[in-house]
Amino acid sequence: MPLGRSVPVRVKRRRPVLRVLFSLILLLVVLAAAAVLGAGLWLRHAMTAALPQLDGSLPLPGLSEPVTVRRDQHGVPHIDATNLDNLFEAQGYITAQDRLWEMDMARRVSAGEAAEVLGSRLVDHDRMQRVLQIRPTAERIVASLSPRDRRYFEDYARGVNAFIRENEGHLSPEFRLLMYSPKPWQPVDSALVMVGMMQMLDQHWDTKLERERVTARLGPTLAASLYPNGSWRDHPPTQVEPDLTAPNQIIPDVPLDESQSRVEDLLHLKDMVEGSRAACAGCTPGSNQWVVSGALTASGKPLLSNDMHLNHQIPNIWYELDLGAPGFHAAGVSIPGMPYIVAGHNEHIAWGFTALYADMQDLYVEQVNNQDQYRTVSPTGEVSWQPLEHDREVIHVRGGRDVSVDVARTVHGPIITPLVPHEKRAIALRWNIYDPKCGGDPLFDLDTAANWDDFRHAMSGWYAPSQNVVYSDDQGHIGYQAVGNIPMRPAGIASTTISDANHEWQGFIPFAQLPMAFDPANGILATANARITPDDYTIPITDGWADPYRNERIWKWLAGQVGANHKMTPADMLTLQTDVYSEVDQELAQRFAYAVDHASKTDSRLREAADLLRSWDGVVGTDSAPAAIIAAAKKSFWPMLLKPRIGDDWKLYEWFESGYALEQMVNHKPSEWLPPGYANWNDFLADVLRTGIHEERPLGDLKSWKYGTEHPVEVTHPLYSMLPWFKHWTGTGEQPQSGDTTTVKQVGHSFGPSQRFTMDWSNPDASTENIVMGESGDPLSPYYRDHWPYWYGGKTFALPFTSGAVAAQTTHTLRLTP
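Everything numeric in this text was worked out from a predicted model, so none of it was measured. (Residues numbered from 1 in each chain as written. Predicted model: local features only at pLDDT ≥ 70, side-chain atom pairs only at ≥ 80, totals over all residues. Heavy atoms only, no water.)

1. Details of the overall build of the chain
To keep it simple, the criterion reads: For the purposes of this entry, the term helix denotes a DSSP run of H or I that reaches at least four residues, the term strand denotes a run of E that reaches at least two, and both are numbered from the N terminus. When checking whether two residues touch, look at their non-hydrogen atoms; a contact exists if any pair is within 4.5 Å. Surface exposure here means Shrake-Rupley accessible area, sampled with a 1.4 Å probe, where a residue is shielded only by the protein chains that are shown. The charged-residue count follows a simple rule in which Lys and Arg add positive charge and Asp and Glu add negative charge, with His and chain termini not counted at all. One atom stands in for each charge, and that atom is NZ of Lys, CZ of Arg, CG of Asp or CD of Glu.
A count of helical and extended segments in the chain gives 24 helices and 23 strands. Once the C-alpha set of the chain is aligned to its principal axes, its extents read approximately 125 × 75 × 70 Å. When contacts within the chain are restricted to residue pairs at least 6 apart in sequence, long-range pairs at least 24 apart make up 74% of them. Carbon and sulfur atoms make up 55% of the accessible area of the chain, which totals about 32,700 Å². Side chains of the chain give 71 positive and 98 negative charges; the mean places of these two sets differ by 11 Å.

2. Comments concerning the packing of helix 17 (residues 604–614) against helix 18 (residues 625–646)
Here is the rule we go by: The axes are straight lines fitted to the C-alpha atoms, using for helices just the contacting stretch, and the angles between their N-to-C directions are given from 0 to 180°. The sense of a crossing depends on the near helix, which, turned anticlockwise from the far helix by less than a right angle, makes the crossing left-handed and, turned clockwise, makes it right-handed. Charged means Asp, Glu, Lys or Arg here, nonpolar means Ala, Val, Leu, Ile, Met, Phe, Trp, Tyr, Cys or Pro, and polar covers whatever is left, Gly included.
Two elements in contact, helix 17 and helix 18, have axes separated by 9 Å at closest approach and are oriented at 115°. Judged by the sense of rotation from one axis to the other, the crossing of helix 17 with helix 18 is left-handed. Of the residues in helix 18, those in contact with Ala 609, Leu 612 and Leu 613 of helix 17 are Pro 626, Ile 629 and Ile 630. Looking at the contact of helix 17 with helix 18 residue by residue, the class counts come to six nonpolar, no polar and no charged.

3. Quick look at the pattern of salt bridges
What counts is decided by this rule: Every case where a carboxyl oxygen of Asp or Glu lies within 4 Å of a side-chain nitrogen of Lys or Arg is listed as a salt bridge. Here the term buried applies to any residue with accessible area under 20% of the maximum for its type, exposed to any over 50%, and partly exposed to those in between, with areas from a 1.4 Å probe on protein chains only.
One pass over the structure, following the stated rule, counts 47 salt bridges. Note that Lys 208 is salt-bridged to Asp 362, the shortest N-O span being 2.8 Å. Within this pair, whereas Lys 208 is found in helix 9 (residues 205–218), its partner Asp 362 is found in strand 10 (residues 361–366), the two being separated by 154 residues in sequence. The burial state of Lys 208 is the same as that of Asp 362; both residues are buried. Through salt bridges that share partners, Arg 233, Glu 552, Lys 556, Glu 583, Glu 587 and Glu 663 make up one connected network.

4. Details of a nonpolar patch on the surface
Which entries qualify depends on this criterion: A patch is a set of surface residues, each over 30% in relative accessible area and not in a salt bridge, joined within 9 Å for like charges and within 5 Å for the nonpolar side chains Val, Leu, Ile, Met, Phe, Trp and Tyr.
A contiguous nonpolar patch, built from Val 377, Val 383 and Trp 385 and spanning about 250 Å² of accessible area, is present on the exposed surface. By the element assignment, Trp 385 lies in strand 12 (residues 383–387).

5. What to know about empty space enclosed by the protein
Empty space among the atoms becomes visible once a probe the size of a water molecule is rolled across them. Cut-off, in case you're wondering: Throughout, the protein atoms alone are placed on a 1 Å grid, and a set of points is a cavity if a 1.4 Å probe fits but cannot get out or a pocket if it is open with protein on both sides within 12 Å along at least five of seven lines; lining residues have an atom within 4 Å of a point. Grid points are joined across faces, edges and corners, and a volume is the space filled by probe spheres set on the points.
Scanning the entire structure with this criterion turns up six cavities of 30 Å³ or more. In this model, the largest cavity occupies a volume close to 290 Å³. Taken together, 25 residues form the lining of the largest cavity, with Met 197, Ile 335, Val 342, Trp 462 and Pro 465 sitting closest to its centre. Elements that contribute at least two residues to the lining of the largest cavity include exactly helix 8 (187–202), strand 4 (286–292), strand 5 (303–311) and strand 9 (349–355). For the lining of the largest cavity, the element with the most residues is helix 8, which contributes four residues. For the lining of the largest cavity, the class distribution of residues is 18 nonpolar, six polar and one charged. Mapped onto the lining of the second largest cavity, the elements with two or more residues apiece are helix 2 (84–111) and helix 7 (173–177). Per-element tally for the lining of the second largest cavity: the top contributor is helix 2, with seven residues. When its residues are assigned to classes, the lining of the second largest cavity shows nine nonpolar, five polar and five charged.

6. Examining the packing of helix 6 (residues 147–166) against helix 8
The geometry of a pair of packed helices is captured by two quantities: the angle between their axes and the separation between those axes. We count it as follows: Working definition: roughly parallel below 35 degrees, roughly antiparallel above 145 degrees, roughly perpendicular at 65 to 115 degrees, and oblique for all remaining angles.
As a packed pair, helix 6 and helix 8 sit with axes 8 Å apart at the nearest point and diverge in direction by 100°. The orientation of helix 6 relative to helix 8 falls into the category roughly perpendicular. Touching Arg 150, Phe 153, Glu 154, Tyr 156 and Ala 157 of helix 6 are Pro 187, Ser 190, Ala 191 and Met 194, all from helix 8. Here the residues of the contact of helix 6 with helix 8 are counted per class, giving six nonpolar, one polar and two charged.

7. Side note on the nonpolar core
Inclusion rule: We define the nonpolar core as a collection of buried residues of types Ala, Val, Leu, Ile, Met, Phe, Trp, Tyr and Cys that are connected through side-chain atoms lying within 4.5 Å of one another.
In this structure, Trp 318, Ile 416 and Leu 816 are the most contacted members of the largest nonpolar core, which totals 139 residues. With twelve residues, the single largest contributor to this core is helix 2. Trp 318 has contacts with Arg 99, Met 197, Met 308, Leu 310, Val 333, Ser 334, Ile 335, Pro 336, Val 342, Ser 754, Gln 755 and Ile 771, leaving out every residue within four places of it along the chain. Counting 59 residues, the second largest nonpolar core, distinct from the first, contains Tyr 227, Phe 637, Leu 674 and Tyr 707.

8. Looking at helix 17
Leu 606, Glu 608, Ala 609, Ala 610, Leu 612 and Leu 613 are the residues of helix 17 that are buried. For helix 17, the elements touching its buried residues are helix 16 (583–598), helix 18 and helix 20 (681–696).

9. Here we look at the environment of Pro 387
Tracing the sequence through the fold places Pro 387 in strand 12. Each residue touching Pro 387, except ones within four places of it in the same chain, is listed here: Asp 372, Gln 373 and Tyr 374.

10. A word on the packing of aromatic side chains
Heads up, the rule is: Aromatic contacts are taken between Phe, Tyr and Trp rings whose centres are within 6.5 Å, Trp giving its six-membered ring; a plane angle under 30 degrees counts as stacked, one over 60 as edge-to-face, and the others as tilted.
What the rule picks out here adds up to 30 aromatic pairs. Here the aromatic cluster, defined as three or more aromatic residues joined through ring pairs, consists of Tyr 227, Tyr 357, Phe 637, Trp 638, Tyr 653, Trp 655, Phe 656, Tyr 678, Trp 681 and Phe 684.

11. Considering the sheet that holds strand 3 (residues 77–80)
The criterion, for reference: By definition, two strands form a pair when at least two bridges between them are found by DSSP.
Taken in spatial order, the eleven strands line up as 1-23-2-3-6-7-8-9-16-17-18 in an open sheet, and their pairing is mixed. Unpaired on one side and paired on the other, strand 1 (56–59) and strand 18 (516–518) mark the two borders of the sheet. On average, each strand axis in the sheet is tilted by 20° relative to the strand beside it, whichever way the strands run. Here strand 8 (residues 343–346) pairs with strand 9 via two bridges, running antiparallel. Along strand 9, the bridge assignment pairs Gly 344 with Trp 351. Packed onto the sheet, helix 13 (residues 452–459) meets strand 9, strand 16 (467–473), strand 17 (478–483) and strand 18 and runs at close to 10° relative to strand 17.

12. Here's the deal with the pairing of strand 3
Sheet topology places strand 2 (residues 67–71) next to strand 3; four bridges connect them, and they run antiparallel. Looking at strand 3, one finds that Thr 68 is bridged to Asp 80. Counting the residues that bridge the hairpin from strand 2 to strand 3 gives five residues, and of these Gly 75 lies at a positive phi of roughly 75°. Direction of pairing for strand 3 relative to strand 6 (residues 319–325): parallel, over a ladder of three bridges.

13. Topic: the pairing of strand 21 (residues 755–760)
By the criterion of burial, strand 21 is predominantly enclosed, with six of the six residues buried. Side-chain alternation along strand 21 places Gln 755, Phe 757 and Met 759 on one buried face and Arg 756, Thr 758 and Asp 760 on a second face that is also buried. One ladder, built from four bridges, connects strand 5 with strand 21; its direction is antiparallel. Looking at the pairing, Asn 306 lines up with Phe 757 of strand 21. Where strand 21 and strand 22 (residues 768–771) come together, four bridges link them in antiparallel fashion. Among the inter-strand pairings, Thr 758 is bridged to a residue of strand 22, identified as Thr 768.

14. Structural notes on the environment of Phe 656
Mapped onto the fold, Phe 656 is located in the loop between helix 18 and helix 19 (658–668). Excluding residues within four positions of it along the chain, Phe 656 makes contact with His 204, Thr 207, Tyr 357, Gly 544, Trp 545, Ala 546 and Asp 547.

15. Notes on the side chain of Ser 658
Here Ser 658 shows up in helix 19. Not counting residues up to four positions away in its chain, the partners in contact with Ser 658 are Asp 547, Trp 638 and Tyr 653.

16. Quick notes on helix 9
The test is simple: A helix is expected to span 1.5 Å multiplied by its residue count minus one.
Taking 1.5 Å per residue as the helical rise, helix 9 with its 14 residues ought to reach 20 Å, and the 20 Å between its terminal C-alpha atoms agrees with that figure. With 13 of 14 residues buried, helix 9 lies mostly within the body of the structure. Trailing helix 9 by a residue or two, Gly 219 shows a phi angle of about 90°, which is positive.

Next comes the structure, spelled out in structure tokens:
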């Protein structure tokens with residue numbers, strides 16, 4: 001007899017549906033992994049197949065005689081030809097070996113044809129390029145080439161096309177990933193690449209719309225503090241002892257029309273335009289350059305250094321080359337897609353560039369009637385109505401419908417209103433490159449110049465982008481020249497849109513009246529995008545010089561070497577190029593520490609920050625906690641100052657000298673700018689510091705905060721970075737970085753020196769040049785990232801020039817035959 005009640009036994013039921021579902025999921029995971037692995041193996045195979053032939057012999061149709069291509073230990077091609085036609089055809093072929101996909105994308109992005117292969121996300125960008133008339137401008141420039149340059153552009157295109165034809169089955173994997181083939185290269189494609197560089201460095205019309213709205217919200221007197229034009233820290237190369245800049249004048253407050261531009265429209269426009277500009281707040285697409293006379297060097301010969309600051313990209317924006325033929329021998333960096341050497345040296349002269357930041361664009365508000373006409377006023381005051389010109393552009397969109405764009409034009413230029421959706425005014429863009437006087441290509445004359453007079457003759461034909469150029473030669477001379485077709489504006493520069501007839505251009509500033517210097521008594525010339533005009537220079541060039549800090553540091557550092565009786569060497573030039581001391585950051589650190597000491601409300605973290613700041617040496621090093629703290633404070637300053645007054649419009653504030661505007665605010669504590677809710681500037685600055693620290697490092701010990709970890713550098717490939725397993729080994733990954741936007745080594749997350757060059761006339765073969773990553777665009781090439789350890793480690797290497805030096809470093813020899 002059983003004790004207690006019986007317990008039913010539960011039979012465990014099988015669940016075949018779940019088991020099948022689990023099996024299917026497992027199978028899908030395995031298949032997905034196999035697909036990813038297979039795709040990865042395929043991609044590696046495609047990369048291997050695309051590696052170019054570097055040794056032996058290859059036929060190159062179009063050559064009249066063989067061409068020898070020797071690559072040195074860093075993969076830099078040294079091309080020797082018996083005539084110039086063969087030289088430039090070989091340049092096109094060899095550049096395409098390493099950079100064809102980059103070249104193809106450069107012409108597409110410039111022309112507004114990227115959506116055709118990249119899809120609908122690029123439609124807005126393409127629309128902007130079509131409205132800006134980039135392709136018609138490039139076509140006009142090609143038509144304006146001299147017969148000599150037209151011939152060499154065609155030679156270059158013939159070399160590129162020969163490579164495309166011969167390698168159709170194993171072009172670089174980017175073409176196969178995107179499933180398209182490159183079109184034949186034409187001279188206009190080289191011009192498109194050229195205009196793309198002009199756009200990158202001279203396009204600032206969008207800032208005029210942004211400034212117009214910010215000024216409308218603040219009023220002109222208050223807004224003037226945000227937009228300084230020059231500073232007491234400036235050191236123009238044409239003026240040995242600069243005077244202090246006069247204080248800003250008081251501008252009468254006049255009610256301003258805020259226009260119909262909405263903040264969201266302007267922010268979207270900003271995103272589109274900034275795709276071709278610096279990739280970080282405060283970064284200045286520009287550069288550093290200096291030259292010192294032989295009297296100040298250990299060798300007794302001049303030293304010239306140049307590092308151009310641009311967005312990092314893979315492949316690199318520059319391609320190193322050494323080009324030689326009878327009557328032509330130049331080495332340095334070229335732009336993939338264009339013949340010639342852009343910056344570097346030949347047998348007699350060396351040169352380097354920084355952006356001048358001349359104002360090459362104006363925005364005109366046109367009066368348009370209902371008959372598709374716009375109002376014009378002649379120089380004598382006669383009013384007439386002219387018909388708007390129209391062009392229909394069609395954007396082909398991969399996987400989508402074509403997009404039609406109507407481009408309207410006036411005598412000033414294209415109507416850019418379609419780029420700002422809610423803008424009701426008809427706003428026309430005038431840009432110097434639209435002018436028929438802006439044409440041709442001065443680079444061949446520059447590459448073959450033998451002295452200062454030849455150099456200036458070549459530079460007189462340079463129309464865009466506006467540049468500062470430093471010079472040195474084998475005879476011991478040094479010089480500086482501002483270049484570009486800069487509009488002559490008798491009524492002054494308009495910082496916003498123009499609605500009157502008083503601001504028409506009166507041609508361009510004559511070349512002879514542009515700032516220049518030759519063999520200065522102090523033996524030093526330098527620029528870094530800051531003001532280059534002396535105090536008595538009366539012709540307006542720009543209303544937006546860059547912050548003065550890099551330029552000021554360069555002058556002080558070089559003068560310090562002279563004061564110490566130290567004869568400078570190429571190693572000293574590299575030390576300066578990689579310098580990360582910031583005088584202004586150190587000054588701001590002291591000011592914020594003072595504010596905490598005198599603020600009405602503090603806490604232990606603020607006091608800890610103040611103690612770190614007050615003892616800081618100003619070196620923006622990777623392990624620096626004070627550098628991280630001051631960077632956080634600067635980041636929080638503008639939104640905390642501007643948002644209480646203008647709301648989200650504060651996001652529209654950007655200016656070439658915003659750093660100097662911040663310094664002036666912090667040091668002079670203008671009462672009219674003190675935000676509501678604060679008794680004084682010490683309280684406000686302490687709160688700025690508190691907010692910055694909280695947003696960037698809410699927890700953790702401040703002493704262990706490392707600047708480099710918070711502000712890393714990363715260089716990525718635009719396609720491979722989107723693929724699993726490929727991003728890390730095709731890019732750099734995030735690496736701790738020293739320096740900021742105020743140091744000579746100006747850097748951002750994906751921005752910084754795009755190359756470093758020093759010319760030593762005592763030994764041209766010891767002159768140095770390196771780019772960021774490497775010569776090749778193929779990740780499996782040994783020359784894909786072999787420059788990176790030098791760039792990141794603050795080192796460099798020689799670019800051999802003479803035949804013997806090249807032979808000593810030759811690792812590959814390719815013979816191109818007819």
